[in-house]
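In case you want the letters, here they are:
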Amino acid sequence: MMECKKALESSDGDIGKAMDWLRKHGAAKASSKLQGREASEGLVGICVSDDGKSASLVQVASETDFAGRSEAFCSLVTHVASATLSTDHSGIV
């Protein structure tokens, strides 16, 4: 609530400018909270094509082992590996 008040005061009551102010300051706060935090947990996923001629190997990191072992996270890793395999990488070395 106080952040909204500050935003409106700094933008002379202009709601659009206040929203921009909140976005800018909110991103700065979020980034400062994340500094120094390390995502050292997670999973590695692999997906092999049906013909066995190509594969994708991905690593998805998480800050906690609790999140990194959840069913939703495991599903995400599987989907990322599958999406990576199905993406056209021609021209990428």
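Structure: see above.
Nothing here was measured: the structure is a model prediction, and the numbers come from that model.

Novice: Help me out: how do you make sense of the overall build of the protein chain in this one?
Specialist: Along the protein chain, the regular secondary structure elements total 4 helices and 2 strands. In the protein chain, the succession of helices and strands from N to C terminus is α-α-β-β-α-α. For the protein chain, buried positions account for 16% of its 93 residues. In the protein chain, the share of contacts with a sequence separation of at least 24, taken over all contacts with a separation of at least 6, comes to 36%. Of the roughly 7,300 Å² of accessible surface on the protein chain, a fraction of 58% belongs to carbon and sulfur atoms.

Novice: How should the pattern of salt bridges be read in this particular structure?
Specialist: Close approach of charged atoms lets side chains of opposite charge pair. A full pass over the atoms with the stated rule returns 2 salt bridges. The salt bridge involving Lys6 is made with Glu3; its shortest N-O contact spans 3.7 Å. Of this pair, Lys6 and Glu3 are both found in helix H1 (residues 2-10), 3 residues apart, which corresponds to roughly one turn of the helix. Lys6 gets classed as partly exposed once you look at its relative accessible area, which sits at 42%. As a salt-bridge pair, Asp20 and Arg23 come within 3.1 Å of each other at their nearest N and O atoms. Residue Asp20 and its partner Arg23 are both found in helix H2 (residues 15-34); the two are separated by 3 residues, about one turn of the helix.

Novice: I'm lost on a nonpolar patch on the surface in this one. Help?
Specialist: A surface patch of nonpolar side chains, amounting to about 430 Å² of accessible area, comprises Val44, Ile46, Val48 and Leu57. At 3 residues, strand E1 (residues 41-48) tops the list of elements feeding residues into the nonpolar patch.

Novice: How should I be thinking about the pairing of strand E2 (residues 55-62) in this particular structure?
Specialist: Where a strand is regular, its side chains alternate between the two sheet faces. Across the two faces of E2 the burial differs, with Ser56, Val58, Val60 and Ser62 buried and Ala55, Leu57, Gln59 and Ala61 not buried at all. Bridge count for E1 against E2 is 8 bridges, and the pairing is antiparallel. The residue of E2 that forms the bridge with Gly45 is Val58.

Novice: Can you help me understand the nonpolar core in this one?
Specialist: In a soluble, globular protein the nonpolar side chains are often hidden away together inside. The biggest cluster of nonpolar side chains holds 6 residues, and these are Cys47, Val58, Val60, Phe73, Val77 and Ala81. Within the residue set of this core, elements represented by two or more residues are E2 and helix H4 (71-86). A per-element tally of this core places H4 first, with 3 residues. Ignoring any residue separated from it by four or fewer positions in sequence, one finds Val60 in contact with Glu41, Gly42, Leu43, Phe73, Leu76 and Val77.

Here is what the cut-offs are and how they apply
Residues numbered from 1 in each chain as written. Predicted model: local features only at pLDDT ≥ 70, side-chain atom pairs only at ≥ 80, totals over all residues. Heavy atoms only, no water. Helix = DSSP H or I, 4+ residues; strand = E, 2+ residues; numbered from the N terminus. Buried < 20%, exposed > 50% of the residue type's maximum accessible area, 1.4 Å probe, protein only. Contact = heavy atoms within 4.5 Å. Areas by Shrake-Rupley, 256 points an atom, 1.4 Å probe, with all protein chains shown as cover. Salt bridge = Lys/Arg side-chain N within 4 Å of Asp/Glu carboxyl O. Patch = residues over 30% accessible without salt bridge, like charges linked within 9 Å, V, L, I, M, F, W, Y side chains within 5 Å. Pairing = 2+ DSSP bridges. Core = buried A, V, L, I, M, F, W, Y, C linked by side-chain atoms within 4.5 Å.

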